[in-house]
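Letter by letter, the chains look like this.
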Amino acid sequence: MVNEDGLNGGDEDDHDPASLTVAIPTATPTPTVEVPPTATPATPEPTETPVPTATPEPTATPIPATYAIGNQVWQDDNDNGVIDDGEPMLEGIWVELWQDADADGQPDDLNDDGIIDDDDMLAMDTTDADGYYLFDDLDAGTYLVSIPAVEWDDNGTPGPLANYRSSDGDDQTDTDSNDNGIDPTNVGEDVFSGPVILGDGEPTAEDPDNDPNTLDENENLTVDFGFVPLYSLGNQVWEDANNNGVIDEGEAPLENIWVELWQDADGDGQPDDLNDDGIIDDDDMLAMDTTDADGYYLFAGLEAGDYLVSIPAVEWDDDGTPGPLAGYASSTGDSDDDVDNNDNGIDPTNIGEDVFSGTVTLGDGEPTGEDPDNDPTTLDANENLTVDFGFYYNFDLALKKELVDESPYEPGDSVTFTITVVNQGSVDATNIEVTDYAPEGLTLTAFESDSTDVSVDLVSGLGTIDALAAGETKTYTLTFTIDSDFQGTSLTNWAEISAADDDDDPSNDPPVDIDSTPDDENQNTDGEEDGTWEDNELDGNGKNGGDEDDHDPETIPVGQVFDLALKKETVSTGTFASGDDVTFSITIENQGSLDAYNVAIVDYIPAELTYTSSNADDVDTTTDDNAIVVTDSGVNTDGNLELELDTLAAGDDVVIEVTFT
């Protein structure tokens, strides 16, 4: 009976006997012998009773053989499809078993619902610490083994194979320790083996044999899967306002900057010509990305090797249209040091050309702990997020001031200075103001310029340049007169760019000069103070301890003469007798160009004269409007008269009368 239910009291329909009827032949009868009548009749032999037919014992149903499939999932570092010494095994990988009765390489739809899903799966396993998986107790037939897509991405959560792709092995023979995974169309999709037929003669002596419970001839332990580790490379493009090559707090990211990835297999710092056409162009580019609102870019799913990252020239000028980096220059930095948050761009020969990183090697031990980490899908050990690019807005004006004529100058002379303003940046400048700090002793009298957009206020000395294009230089001259009563021996005249802009919109903030601070206060910042400034220096950086190159002095020597003369005359006339008073006049004249101070006069009194008095208190003190104070100190211990003038202006003279007896 095949439709009974042994669990409910009926026949157990997986168990049944069969009976045989065995026929046993009867004994051959003894032939009858005729006896002559005179003989005594013979007694007949009794006939044998037939033996009953025996019921045979049922025969046992043969138990079919069972089979097993395995074996190993590993990290194929060199992508050769073979398990090499030292290559690590991958633990915790989900492995699935499917039926493929028609051997078409596709899982069978066992429940005929038109969908291949987990309901059609025969079994699953996860790899152990040695990368082994095993499906045993299998019937003969055709199977598929797969690594499901969930091992790459589990509903948005990275799986254990998120940073891997299938190895290039794809060997569907029964060879041990090589890759049997068929590469999918896209990384992250299911990886299937080819059809595996059990029951047609299995490979033997697999090493290792991780199935001690199955006969060697009944197991196929050659279905291995190799996966190649993948890497990622990033990270940030930012505005390096102070051009120090470091991402400082408050410095802004640069969004929508085009970033390109190139292969550099020979590590020479130049992109490889992948199509061998002799030209490095977009056809040789591996990938591109644009920075997001935080300045981040990312190239993920990369294999171990040498790469270059670049910011292309189109970001400065796109066929005549300014790009997002127009006006910017690559900041100071290191081409590739695996240090986070610093500039890795190599400065090109000219601003506006491609900016490349140095060669970045992936697969030789990546930097870890990068902050920020903008690649949550890649393991920290498989990502290099240190390739940052800094750019500063290249607004840079410089100034120098020079003498037109180096001839010696004297009070009353005219002196002319040339002021040169240079736009060293890559941004056009407008509304430039230059303050001239004329010292006392100089009076501005005239200015000259070949440029119609340069003007100077002769009262304040403020110069204005309406426009100065990137790379352009403009000059003008200022002429001063040295005051006739100037008393010094030199004059230093400073000039400084006190304001500048890059547009004509007064509502926005002016740009920041990269190496100086425009203002209208002399010698108030680093790079202007004594010991830090350099004359005529156009390449200084006042923000980094050097000369502020928008501020410059020019010193002129002023020739002066210090010349005092004295004459002594007798005021009294006639013949003098002993006891008479004799008056002398002492005239001191300043014949030089410098005022004299603290002029000491000694009158050497002979023994025959005795000092009586002087008119020191009555000396005219209004000569040439210069107050002169004469001090009569009397006779000193040497017997000589001492007189002193506090001041004697250039060109002035004073007469002092002294009387003796």
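Up top is the structure.
All chains use their own residue numbering, which begins from 1 and follows the written sequence. Restriction of local features to residues with pLDDT of at least 70 applies here, the model being predicted, together with a cutoff of 80 or more for giving and counting side-chain atom pairs; totals for whole chains, interfaces and linings are based on all residues. Values reported for side chains reflect all heavy atoms of the structure, with hydrogen atoms and water molecules removed beforehand.

Peer 1: I'd like to hear about the sheet that holds strand 34 (residues 490–501), residue by residue, with values.
Peer 2: An order of 31-32-29-34-35 is seen for the five strands of this open sheet, with the pairing classed as antiparallel. The open sheet has two free edges, formed respectively by strand 31 (454–456) and strand 35 (551–557), since each of these has just one partner strand. For this sheet the average axis-to-axis angle between neighbouring strands, irrespective of direction, equals 20°. Here, strands pair whenever DSSP counts at least two bridges between them. What counts as a helix is a DSSP run of H or I of at least four residues, what counts as a strand is a run of E of at least two, and both are numbered from the N terminus. The sheet contact formed by strand 34 and strand 35 spans seven bridges and is antiparallel. Bridge pairing links Ala495 to Asp552 in strand 35. To get an axis, a line is fitted to the C-alpha atoms, and for a helix only the part in contact is used. The angle between two axes follows their N-to-C directions and goes from 0 to 180 degrees.

Peer 1: Any details on the pattern of salt bridges? Residues and values, ideally.
Peer 2: The salt bridge criterion pairs a side-chain nitrogen of Lys or Arg with a carboxyl oxygen of Asp or Glu, the two atoms within 4 Å. With the rule as written, the count across this model stands at seven salt bridges. Between Glu303 and Arg165 there is a salt bridge, with the nearest N and O atoms lying 2.5 Å from each other. Remark: Arg165 occurs in strand 9 (residues 164–166) and Glu303 occurs in the loop between strand 18 (299–302) and strand 19 (305–311); sequence separation between them is 138 residues. Residue classification places Glu303 among the partly exposed positions, given a relative accessible area of 31%. Here Asp453 ties to Lys474 by a salt bridge, and the two come within 2.4 Å at their closest N and O atoms. In this pair, Asp453 is assigned in the loop between strand 30 (442–448) and strand 31 and Lys474 in strand 33 (residues 473–482), connecting sequence segments 21 residues apart. Pair check on accessibility: Asp453 and Lys474 agree, each one buried. Here the residues in one salt-bridge network are Asp79, Arg165, Asp168 and Glu303, joined through shared partners. When a residue's accessible area, from a 1.4 Å probe over protein chains only, is under 20% of the maximum for its type it is buried; when over 50% it is exposed; and in between it is partly exposed.

Peer 1: Requested: an account of unusual backbone geometry, with residues and values cited.
Peer 2: Excluding glycine, a negative phi dihedral is what most residues carry, and trans is how most peptide bonds are arranged. Residue Pro208 follows Asp207 across a cis peptide bond; omega there is 10°. Summarising the element assignment, Pro208 is placed in the loop between strand 11 (196–198) and strand 12 (219–220). For the bond running from Asp371 to Pro372, omega is 5°, close enough to zero to count as cis. Locating Pro372 in the fold gives a position in the loop between strand 24 (360–362) and strand 25 (383–384). The phi torsion at Ala103 lies on the positive side, around 55°, for a residue other than glycine. In this fold, Ala103 is placed in the loop between strand 3 (94–99) and strand 4 (123–126). Phi at Asn256 is positive, roughly 60°, even though this residue is not glycine. Mapping Asn256 onto the fold places it in the loop between strand 15 (237–239) and strand 16 (258–263).

Peer 1: Which residues make up the packing of aromatic side chains, and what are the values?
Peer 2: What characterises a pair of aromatic rings is the spacing of the ring centres plus the angle enclosed by the ring planes. Each Phe, Tyr or Trp ring (for Trp, its six-membered ring) is paired with any other whose centre lies within 6.5 Å, and the angle between the two planes then decides the class: stacked below 30 degrees, edge-to-face above 60, tilted in between. For the structure on display, the rule yields 10 aromatic pairs. Here a set of aromatic residues connected by ring pairs shows up, and it is made of Tyr133, Phe135 and Phe225. Definition used: whenever NZ (Lys) or CZ (Arg) falls within 6 Å of the ring centre and also within 35 degrees of the ring normal, the charge is taken to sit over that ring. It is Lys568 that lies over the ring of Phe584; its NZ or CZ is 5.0 Å from the centre.

Peer 1: Summarise the sheet that holds strand 2 (residues 73–75); cite the residues concerned and give the values.
Peer 2: Taken in spatial order, the three strands of this open sheet run 2-13-9, and their pairing is mixed. Sheet topology places strand 2 and strand 9 at the edges, where each strand pairs with a single neighbour. For this sheet, the mean inter-axis angle between neighbouring strands, taken without regard to orientation, is 35°. Of the strand pairs in this sheet, strand 2 and strand 13 (residues 225–229) are connected by three bridges, and their pairing is parallel. When the sheet's bridge partners are listed, Gln75 is paired in strand 13 with Phe227.

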